[in-house]
Amino acid sequence: MKDLLKRGSITILLGTGGVGKTTVAAALGMAGAAEHLNTAVITVDPARRLRDALGLEKLGGRPTKISSKRLREAGLGSGLKLSAMMLDVKGEWDALTQRLVSNPAARERILANPFYQSLTAEFAGSEAFAALQQLYDLHQSEAFELEIVDTPPAAHAFEFLQAPARLMRLLDSRAARWLFTPSLSAGRIAARFAGEAARFVVRELERFAGGNVLSTITEFFAAAAEGIDAIVERLQKTEALLHSPAVRFVLVTTAEADRLRQARDLIDEMKAGGLTLSAIVINRLLDEHTWKEAAGSSGGALNHLAEIPELHNALADEIGARSGVAAMVRNLERYRECALDDIKRVESFARDLPGGVELAVAPEIKAGVRDLAAIARMAEYIMSGAAILKPLAHAAERMGPHPSHSHRSHGH
């Protein structure tokens with residue numbers, strides 16, 4: 001995994017919402033700093049708990065360095081160079097408009113335009129666009145030796161990579177410029193709706209403009225005429241950066257079967273798009289107790305899981321007399337079954353990974369990631385790759401099938 005953390009490289013994390021992508025981004029940032037690289041993490045608006053863990057009251061659109069005091073308090077080297085910044089979608093769009101449209105009156109018309117406001121707030125690729133622009137500027141400045149990018153949540157990981165091209169098609173559409181040129185009368189515009197391309201453009205743009213669609217879109221394209229070409233040029237440069245050797249893509253997922261299927265699909269989609277997935281991080285695989293027991297046992301024994309089936313016989317009288325005891329035993333049996341299933345599923349997934357895609361696994365951190373020490377612990381887990389899988393798989397194999405199926409068949 002250390003190959004991801006090279007001087008001058010960019011690590012872009014992909015993943016659907018709810019898999020712990022922001023936490024993994026912070027952990028990779030910590031790992032980069034531990035490799036003596038001046039590291040920046042660009043993140044979407046993180047949970048308050050993660051901001052507190054980083055020791056920051058708030059994150060803004062500019063990098064903020066983690067203080068030496070906070071690092072020392074966490075038992076980490078005070079010389080670590082780690083900064084974080086929050087993705088400011090609207091601010092990045094507005095800043096780009098300020099830079100690329102020289103006429104002050106035109107700038108004001110764009111910023112106040114309802115279509116522009118909807119585009120920057122609601123368009124499916126607006127967050128990805130803003131993240132990539134901030135990344136592009138940060139990389140060009142050479143202020144940092146390593147950048148870690150936590151991408152906005154998406155229904156599918158590949159959406160982030162598709163966003164620049166989609167936005168480029170929308171803003172650079174000849175049909176859009178042709179339709180919404182102020183010199184065309186409303187009647188001439190209406191007459192051209194019959195064209196399939198025109199209908200597509202109007203349908204796409206109407207989703208964001210709200211009421212008074214034609215006038216707001218017309219005004220936007222008129223005011224933005226000077227800047228659209230520059231924006232499209234920036235998008236083209238960003239596309240080139242995404243395909244450059246400096247960029248490494250990492251998918252963050254969890255151990256559920258459907259998530260792992262999505263990971264396999266993403267590898268194929270990226271290959272078809274000329275992009276390479278460098279690594280997959282399977283987050284929240286088991287708990288830290290199970291993880292540490294496997295890591296510390298030469299035989300790979302998971303004694304606490306092995307002992308759970310014995311509870312049913314040992315507490316038979318209590319189970320019959322007290323519903324709470326029965327519920328506790330069932331819960332522990334489900335915990336054991338899920339743990340063994342996850343181990344076997346991930347171990348099988350690891351065997352089938354194509355060459356060149358690295359794998360790392362990390363447990364669910366007890367009590368969550370609440371401080372820098374927990375982030376550093378997460379970084380250690382990720383940097384150890386998938387070495388833990390072998391002892392885990394060995395232990396799961398020795399334990400065999402889960403015996404609680406027979407209990408459930410008798411109504412327990």
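Residue numbers here run from 1 along each chain, matching the order of that chain's written sequence. Given that the model is predicted, a residue must reach a pLDDT of at least 70 before its local features are reported, and side-chain atom pairs must reach 80 or more before they are shown or counted; all residues, however, enter totals for whole chains, interfaces and linings. Side-chain descriptors were evaluated using all non-hydrogen atoms of the structure, hydrogens and water having been removed beforehand.

A. Quick peek at the overall build of the protein. Runs of E in the DSSP output that reach at least two residues are strands. Runs of H or I that reach at least four are helices, and both are numbered from the N terminus. Along the backbone of the protein there are 21 helices and 8 strands. Exposed residues in this analysis have more than 50% of their type's maximum accessible area, buried residues have under 20%, and partly exposed residues fall in between, with area computed by a 1.4 Å probe over protein chains only. Per-residue burial for the protein yields a buried fraction of 50% across its 412 residues. Residue-level accessible areas treat just the shown protein chains as cover; the underlying method is Shrake-Rupley with a 1.4 Å probe. As presented, the protein carries roughly 19100 Å² of accessible surface, and 51% of it is formed by carbon and sulfur atoms.

B. Broad picture of the pattern of salt bridges. Take a side-chain nitrogen of Lys or Arg and a carboxyl oxygen of Asp or Glu: if they are within 4 Å of each other, that pair is a salt bridge. Taken as a whole and judged by the stated rule, the model has 11 salt bridges. The partner of arginine 99 in a salt bridge is aspartate 137, and the shortest N-O contact between them spans 3.4 Å. Here arginine 99 is found in helix α4 (residues 89–100), whereas its partner aspartate 137 is found in helix α7 (residues 126–141), with 38 residues between them in sequence. Here the salt bridges share partners, and the residues they tie into one network are Arg99, Asp137 and Arg234.

C. Expanded view of the environment of phenylalanine 115. You can see phenylalanine 115 is positioned in helix α6 (residues 114–122). Sequence separation between phenylalanine 115 and isoleucine 217 is 102 residues; the distance between their C-alpha atoms is 6.0 Å.

D. Representation of the pairing of strand β5 (residues 146–150). Burial within β5 is extensive, with 5 of its 5 residues counted as buried. Residues Leu146, Ile148 and Asp150 line one face of β5 and the alternating positions Glu147 and Val149 line the opposite face, and both faces are buried. Direction of pairing for strand β2 (residues 39–43) relative to β5: parallel, over a ladder of 4 bridges. Across the sheet, alanine 40 pairs through a bridge with glutamate 147, a residue of β5. Strand pairing is assigned whenever DSSP identifies at least 2 bridges connecting the two strands.

E. Layout of the sheet that holds β5. Strand order in the open sheet formed by 8 strands is β3-β4-β2-β5-β1-β6-β7-β8, and the pairing between neighbours is mixed. On the outer flanks of this sheet lie β3 (64–65) and β8 (358–361), each paired with one strand and no other. Relative to β8, strand β7 (residues 277–282) runs parallel, the two sharing 4 bridges. Across the sheet, the residue bridging to valine 281 is alanine 360, located in β8.

F. Looking closely at the confidence of the model for the protein. Summary statistics for the protein give a mean pLDDT of 82 and a share of 84% for residues scoring 70 or more. A residue's pLDDT is the predictor's confidence in that residue, given on a scale from 0 to 100. Between two residues, a contact is recorded if the distance between any of their heavy atoms is within 4.5 Å. Within the model, the stretch residues 182–194 combines pLDDT values under 50 with 17 contacts to residues more than four positions away or in other chains. The low-confidence segment residues 404–412 (pLDDT under 50) makes 10 contacts with residues lying over four places distant or belonging to another chain.

G. How the structure looks around the packing of aromatic side chains. Note on ring pairs: Phe, Tyr and Trp rings are taken, using the six-membered ring of Trp, and paired if centres are within 6.5 Å. Classes follow the plane angle, with under 30 degrees stacked, over 60 edge-to-face and the rest tilted. For the coordinates displayed, the defined rule picks out 3 aromatic pairs. Here the aromatic rings of tyrosine 116 and phenylalanine 220 are separated by 6.5 Å at their centres, their planes lie at 20°, and the arrangement is stacked. Highlighted residues: tyrosine 116 in helix α6 and phenylalanine 220 in helix α12 (residues 213–223), separated in sequence by 104 residues. Each member of the pair, tyrosine 116 as well as phenylalanine 220, carries the same accessibility label: buried. Aromatic side chains tryptophan 291 and tyrosine 381 sit 5.3 Å apart centroid to centroid with 70° between the ring planes, which places their arrangement in the edge-to-face category. One end of the pair, tryptophan 291, is in helix α15 (residues 288–295); the other, tyrosine 381, is in helix α19 (residues 372–383), with 90 residues separating them in the sequence. A relative accessible area of 9% places tyrosine 381 in the buried class. Among the aromatic residues, those joined into a ring-pair cluster are Trp93, Tyr116 and Phe220.

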